[in-house]
Amino acid sequence: MDFALSEDQLLLEQTVRGFLADRVPIERVRELRDAACPNDRTLWSELAELGVCGIRVPEAQDGSGLGLLDAAIVAQALGRAATPSPFLASAVMAPTALAALGGADAERWLVGIASGELVVGVAATELFSVREGAGVRRDGGALRGKALMALDACGADLVLVALDAGTLAAVRTDADGVAIERLRTVDATRCTAELVFDGASPEAVFEGAGAACSRMLDAGRVALAADALGCCESMIEQAVAYAKQRKQFDRVIGSFQAVKHMCAEMVAEFEPARSLLWYAAHAFDALPEEAPRLACHVLSHVSEIGREIASVSTQVHGGIGWTDEQNLHFWFKRIANARHLLGGPESLRERAATLQGLAPAA
Amino acid sequence: MDLGIDARYDAFRDEVRRFLAEHRPAGPIGPGEGDASARVAWLSLLIEHGYWARTIPEAYGGYGAEPDLLETVIMDEEFNTAGVPRGLSAQGPSMLVPTLLAHGTEAQKRHWIGPTMRGEILWCQGYSEPGAGSDLASLQTSAVEDGDDFVVNGQKIWTSTADQAQMCFLLVRTEPGAKKHAGISYLLVPMDTPGIEVRPLRTMSGDIGENSFNQVFFSDVRVPRSNLVGQRGEGWKIANTTLEHERSSLNANAEGTWLRLARLMKSETVNGVPLLASPVHRDRLMRLQARALSMKHHAMRMLTCSLKGESPGVAGLIVKLQNCQLNFDMAALALDVMGELGALYDHAKYERERGFWQAHSMFSLGLIIGGGTAQIQKNIIAERGLGLPREPR
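Numbering of residues starts from 1 in every chain and runs along the sequence as written. Whichever chain is written first is A, and whichever ligand is written first is 1; the rest continue in order. Predicted model: local features are reported for residues with pLDDT of at least 70 only, side-chain atom pairs are reported and counted for 80 or more only, and whole-chain, interface and lining totals are derived from all residues. The side-chain numbers reported here are obtained from all heavy atoms of the structure, hydrogens and water having been left aside.

J.: Whenever I open this one, the overall build of chain A confuses me. Can you help?
T.: Only DSSP runs of H or I with at least four residues qualify as helices, and only runs of E with at least two residues qualify as strands; both kinds are numbered from the N terminus onward. Helix and strand content of chain A: 11 helices and 10 strands. A globule of 362 residues ought to have a C-alpha radius of gyration of about 21 Å, and chain A, at 20 Å, matches this closely. In terms of its C-alpha atoms, chain A occupies a principal-axis envelope of roughly 75 × 45 × 40 Å. Three exposure classes are used, based on accessible area relative to the maximum for each residue type with a 1.4 Å probe and protein chains only: buried under 20%, partly exposed in between, and exposed over 50%. In chain A, which comprises 362 residues, the share counted as buried stands at 60%. Look at the contacts in chain A between residues 6 or more apart in sequence, and 74% of them connect residues 24 or more apart. Each accessible area is a Shrake-Rupley estimate made with a 1.4 Å probe; only the visible protein chains count as cover when residues are assessed. A total accessible area of about 13,400 Å² is found for chain A, and carbon and sulfur atoms account for 49% of it. Every radius of gyration here is taken over C-alpha atoms, with the globule rule written as 2.2 Å times N^0.38, N being the number of residues. Throughout, a contact is declared for two residues whenever any of their heavy atoms are within 4.5 Å.

What follows is the structure, given as structure tokens:
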């Protein structure tokens, strides 16, 4: 038994982190925040060359067929760099669903995903939370209704839309009867949108997709937790670096126990959460029975510690941490947004309880 | 990541389950609980099957297996599920034995390790003094060489189980002229030596089993020179090995406590409804499960590092801090779910689980303080782990 990242995984982590540090410094993120969609297709093509886009695509469809733990390593790196990208929907959630569903359409799209030429968004919020009368239904062969907080849909070519717990439709974003409106959140680095369907014709409808949808959501939860944990990592690194350099009362502030303890508390929460993330991601592929419960736990847990770390890191920075100029808020807001996606902490915990028979089934 | 899911481990798990279906300790086995023969019989049986002292060499009274992370995890899981103690939670096995394995002479290892693991010899730890708490290295208990003996004088405090222990591992000042960290030695002292007086110190939790707490006074206590571990003046370095074991071993069993808490919430009812049906309490239970799972898998990560001889860095320094607080928080939920009956104590009518959760709450608080307070832990994490400037000392 070996509870650690492999040599290959450490190399992957190093490669992606190095690439992002070089190609997407925070100044670039700042430029992207005002774009209609922050997900930059040129950057996505470059990430495709690194194998990032096809990390979860089976080898038969030209992907690298790696595990969710490998994807989590990439997600953590993206969070650490606050990089806007459609990784969550197009590289993790959509390939998980399409690979599970199979068939000629799915295989063709998987090839496109791996090359980075096809970006696929996911509209699945209504599977676990219906707000504002949202929901998409079939009317004959056409789709009608709306989906909220769809992931990575604005700049996508295709969207997977959950119609109900057992049916998934694939729709081209440029099809007639599809309107996409970005729903801006506090987090400018992630694309969330409302999709409105007014008689749109889907490219394909997958019946009996309940299990595929569940797997897609669980994979998304683990990847989103990894992304938020990467944000936490960066916020801790920035706070520690600042505490070593900022002087007050003729001393660096990191020499004061009050500040020192804030830094210690952050890292004390971060490290065990990282261990839980590794296990949850590994379990997704190796221990499918445990995987749904762990996916809920890891995302809710990271949401909780993330809120605390985001706050404490900002406080270590003092007034400058509260400014736009300091950039720290990009990570603060990305953590804040993650809490509202793919199920909030309370509903995820309730699902974890139900999955192990500790709560009445919903 | 390799969680070693193969038939060999399934067979091992079956073997552990069969053992647990057939065997249970005859009575409570903690220091100060029940009678010693039940403890020794149970621990000896565990060693014979390799469920305790598993990786300690046979020559020293262990089972002599190679370290294997998954076997450890399986044993912990199965014993936790069965609610059966896998060994003795006491300072001899958890702190003295690792120290002797690292620093003891061959004769010391052969003499002390076996009886300690079998529970025949209980140990207490003579570290803290009234004037040397967080600043442990300022300790003043002295030992002066005289012929083949050291002569010890001084006072120790916060000495758990000193009233039951046959032996004490003791830090003493042997080099009064040296700098404070360089003047300390590590001695093994029989508690029945003339000149030792143990005075119980009543704690907030009362006198409950292994929580016994004492002051120990040493007046011209003669200790054979052969009971010195390592060299004179090396005691601080040697004690730090032990403290590292304490930091990584304290409360390693968060999952077992969580399972006990979940069992309580299934059985405890208010107005005829199980507490588990209360969404507010259930949410707290689930939040604690995530923390317990984090610490469980973090322990697997730390154990992997230790088996590979790699330093886990800051990730290893946070274990004691996090586990102690987690245990305290689990006890807090248990007390809350018991509602009106939660404060019952001292064998009161309607008391649950013999007062375990109130005692555990207070005991956990003691552990947050003992073995280096939470604040000292945070200093260590920040200074050694994150490279922030050291406190002036």
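Continuing now.
J.: Any chance you could explain the interface of chain B and chain A here in plain terms?
T.: The figure often quoted for interface size is the accessible area lost as the parts come together. Contacts between the two partners involve 44 residues from chain B and, on the opposite side, 45 residues from chain A. Of all residues in chain B, Met1, Met286 and Arg301 of chain B give up the largest surface area on contact with chain A, accounting jointly for 19% of the area buried on that side. Whenever Lys or Arg places a side-chain nitrogen within 4 Å of a carboxyl oxygen from Asp or Glu, that contact is recorded as a salt bridge. Our enumeration of links across chain B and chain A arrives at seven salt bridges. Here arginine 282 of chain B and glutamate 350 of chain A are joined by a salt bridge, their closest N and O atoms 2.4 Å apart. Each polar contact in these results corresponds to two N or O atoms within 3.5 Å; when the atoms are within protein, one needs to be able to donate a hydrogen and the other to accept it, and residues that are neighboring in sequence are counted only if both atoms are side-chain atoms. Our count for the contact surface shared by chain B and chain A stands at 20 residue pairs in polar contact (both at pLDDT 80 or more). Elements with a contribution of two residues or more to the side of chain B that touches chain A: helix H3 (69-82), helix H7 (254-267), helix H8 (279-308), helix H9 (314-317), helix H10 (319-337) and helix H12 (374-385) of chain B. It is H8 of chain B that contributes the most residues to the side of chain B that touches chain A, 17 residues altogether. Of the residues that constitute the side of chain B that touches chain A, the class distribution is 23 nonpolar, nine polar and 12 charged. Computed with a 1.4 Å rolling probe, the buried area is the accessible surface lost when two parts are put together, summed over both parts. Each residue gets one label: Ala, Val, Leu, Ile, Met, Phe, Trp, Tyr, Cys and Pro are nonpolar, Asp, Glu, Lys and Arg are charged, and the others, such as Gly, are polar.

J.: Explanation requested: the pattern of salt bridges in the structure shown.
T.: Evaluated as defined, the whole model comprises 51 salt bridges over all chains. As a salt-bridge pair, arginine 41 of chain A and aspartate 157 of chain A come within 3.0 Å of each other at their nearest N and O atoms. Of the two residues, arginine 41 of chain A is situated in helix H3 (residues 41-49) and aspartate 157 of chain A in the loop between strand E3 (142-151) and strand E4 (158-164); the sequence distance between them amounts to 116 residues. Arginine 41 of chain A sits in the partly exposed class, given a relative accessible area of 31%. The buried category is assigned to aspartate 157 of chain A, whose relative accessible area is 18%. Among the ionic contacts, a cluster of salt bridges with common partners joins Glu304, Arg339, Glu346 and Arg349 of chain A together with Asp283 and Arg287 of chain B.

J.: Got a minute to help me understand the domain arrangement of chain B in this structure?
T.: All names here are of chain B. When cut into domains, chain B gives domain 1 (7-89), domain 2 (122-231) and domain 3 (250-385). Throughout the structure description, domain borders are defined by an automatic or database domain assignment. Relative to domain 2, the C-alpha centre of domain 1 lies at a distance of 31 Å. Between domain 1 and domain 2, the contact holds six residues from the first and five residues from the second. Taken together, the two surfaces of domain 1 and domain 2 that pack against each other cover about 440 Å², and 62% of this comes from carbon and sulfur.

J.: Is there a simple way to think about the environment of arginine 33 of chain A in this case?
T.: All names here are of chain A. Inspection of the secondary structure puts arginine 33 in the loop between helix H2 (26-32) and H3. Along the primary structure arginine 33 and glutamate 194 are separated by 161 residues, whereas in three dimensions their C-alpha atoms are 18 Å apart. Filtering out sequence-adjacent residues up to four positions away, arginine 33 remains in contact with Arg184, Ala188, Asp324, His329 and Phe330.

J.: Sorry if this is basic, but what is going on with helix H10 (residues 328-338) of chain A here?
T.: Because an α-helix completes one turn every 3.6 residues, residues spaced three or four positions apart along the sequence face the same direction. All names here are of chain A. Burial analysis of H10 places eight of its 11 residues in the buried class, which makes it a mostly covered element. Taken together, the buried positions of H10 are Leu328, His329, Phe330, Trp331, Arg334, Ile335, Asn337 and Ala338. Buried-residue contacts for H10 involve H2, helix H4 (68-80), helix H7 (210-245) and helix H9 (291-317).

J.: It is not clear to me how helix H4 (residues 91-103) of chain B should be interpreted in this structure. Could you clarify?
T.: All names here are of chain B. Along its 13 residues, H4 runs 17 Å from first to last C-alpha, staying within 8% of the 18 Å computed at 1.5 Å per residue. Two axes enter the definition of the bend at a residue: one is fitted to the seven residues ending there, the other to the seven starting there, and the bend is the angle between them. Valine 97 marks where H4 bends most, by close to 25°; the proline proline 98 follows one to four residues later. For H4, the complete set of buried residues consists of Gln91, Gly92, Pro93, Met95, Leu96, Val97, Pro98, Thr99 and Leu100. In this analysis, the expected span of each helix is defined as 1.5 Å times one less than the number of residues it contains.

J.: I would appreciate a short explanation of the packing of helix H8 (residues 257-286) of chain A against H8 of chain B in the present structure.
T.: Any two packed helices are characterised by the angle at which their axes cross and by the distance between the axes. For the pair H8 of chain A and H8 of chain B, interaxial distance at closest approach is 7 Å and the crossing angle is 85°. If you check the angle between H8 of chain A and H8 of chain B, you find them roughly perpendicular. Contacts between H8 of chain A and H8 of chain B involve Glu271, Pro272, Ala273, Arg274, Ser275, Leu276, Trp278 and Tyr279 of chain A on the former and, on the latter, Ala290, Leu293, Ser294, Met295, His297, His298 and Arg301 of chain B. Inter-axis angles, ranging from 0 to 180 degrees, are taken between N-to-C directions of lines fitted to C-alpha atoms, where helices are fitted over the stretch in contact. The labels follow the angle: roughly parallel below 35 degrees, roughly antiparallel above 145, roughly perpendicular from 65 to 115, and oblique for the rest.

J.: Please clarify how the nonpolar core should be interpreted in this entry.
T.: The tendency in soluble globular proteins is for nonpolar side chains to be buried side by side. Take the buried residues of types Ala, Val, Leu, Ile, Met, Phe, Trp, Tyr and Cys, join any two whose side-chain atoms come within 4.5 Å, and each joined set is a nonpolar core. Counting 211 residues, the largest nonpolar core has Phe87 of chain A together with Leu188 of chain B as the members making the most contacts within it. With 19 residues, the single largest contributor to this core is H7 of chain A. Excluding its chain neighbours within four sequence positions, the residues that come into contact with phenylalanine 87 of chain A are Trp44, Val52, Ile55, Ala71, Val74, Ala75, Leu78, Val92 and Asp152 of chain A.

J.: Got a minute to help me understand the side chain of arginine 282 of chain B in this structure?
T.: You can see arginine 282 of chain B is positioned in helix H8. A relative accessible area of 3% means that arginine 282 of chain B is categorised as buried. When neighbours within four sequence positions are excluded, arginine 282 of chain B is seen to be in contact with Glu350, Ala353, Leu358, Ala359 and Pro360 of chain A together with Met265, Leu276 and Ala277 of chain B.

J.: Hey, could you run me through the domain arrangement of chain A in this one?
T.: Residues and elements named next belong to chain A. Split by domain assignment, chain A resolves into domain 1 (7-119), domain 2 (121-208) and domain 3 (211-355). Contact with domain 1, which involves 28 residues of that partner, is made by 21 residues of domain 2. Summed over the three residues of domain 1 that lose the most area to domain 2, namely Leu101, Trp109 and Val119, the buried surface amounts to 25% of that side. The interface formed by domain 1 and domain 2 contains one salt bridge. At the surface where domain 1 touches domain 2, the tally comes to nine residue pairs in polar contact (both at pLDDT 80 or more). Those elements that provide at least two residues to the side of domain 1 that touches domain 2 are helix H5 (87-101) and helix H6 (104-115). Among the residues making up the side of domain 1 that touches domain 2, the classes are represented as 20 nonpolar, three polar and five charged.

J.: Help me understand the packing of aromatic side chains in this model?
T.: Each aromatic ring pair is summarised here by two numbers: the centre-to-centre distance and the angle between the ring planes. We call Phe, Tyr and Trp rings a pair once their centres come within 6.5 Å, taking the six-membered ring for Trp, and we label the pair stacked below 30 degrees between planes, edge-to-face above 60, and tilted otherwise. With the rule as written, the count across this model stands at 14 aromatic pairs over all chains. Measuring from centroid to centroid gives 6.0 Å for phenylalanine 249 of chain A and phenylalanine 256 of chain A, while their planes differ by 85°, and the two rings are edge-to-face. For phenylalanine 256 of chain A, a relative accessible area of 23% corresponds to the partly exposed category. For the pair phenylalanine 12 of chain B and tyrosine 51 of chain B, a centre-to-centre distance of 6.5 Å together with 70° between the ring planes defines the contact as edge-to-face. With phenylalanine 12 of chain B in helix H1 (residues 7-22) and tyrosine 51 of chain B in the loop between helix H2 (36-49) and H3, the pair connects residues that are 39 residues apart, well separated along the chain. Put simply, a charge is over a ring when the Lys NZ or the Arg CZ is close to the ring centre, within 6 Å, and near the line of the ring normal, within 35 degrees. Across the ring face of tryptophan 278 of chain A, the terminal group of arginine 301 of chain B is positioned such that the distance to the ring centre comes to 4.8 Å.

J.: Teacher, can you tell me more about the pairing of strand E2 (residues 135-139) of chain A here?
T.: For a regular strand, the rule is simple: side chains alternate between the two faces of the sheet. Residues and elements named next belong to chain A. The pairing criterion is simple: DSSP has to find at least two bridges between the two strands. One ladder, built from five bridges, connects E2 with E3; its direction is antiparallel. Within E3, the position partnered with aspartate 139 by the bridge is alanine 142. Hairpin connection of E2 to E3: two residues between the antiparallel strands, including glycine 140 at a positive phi of 65°.

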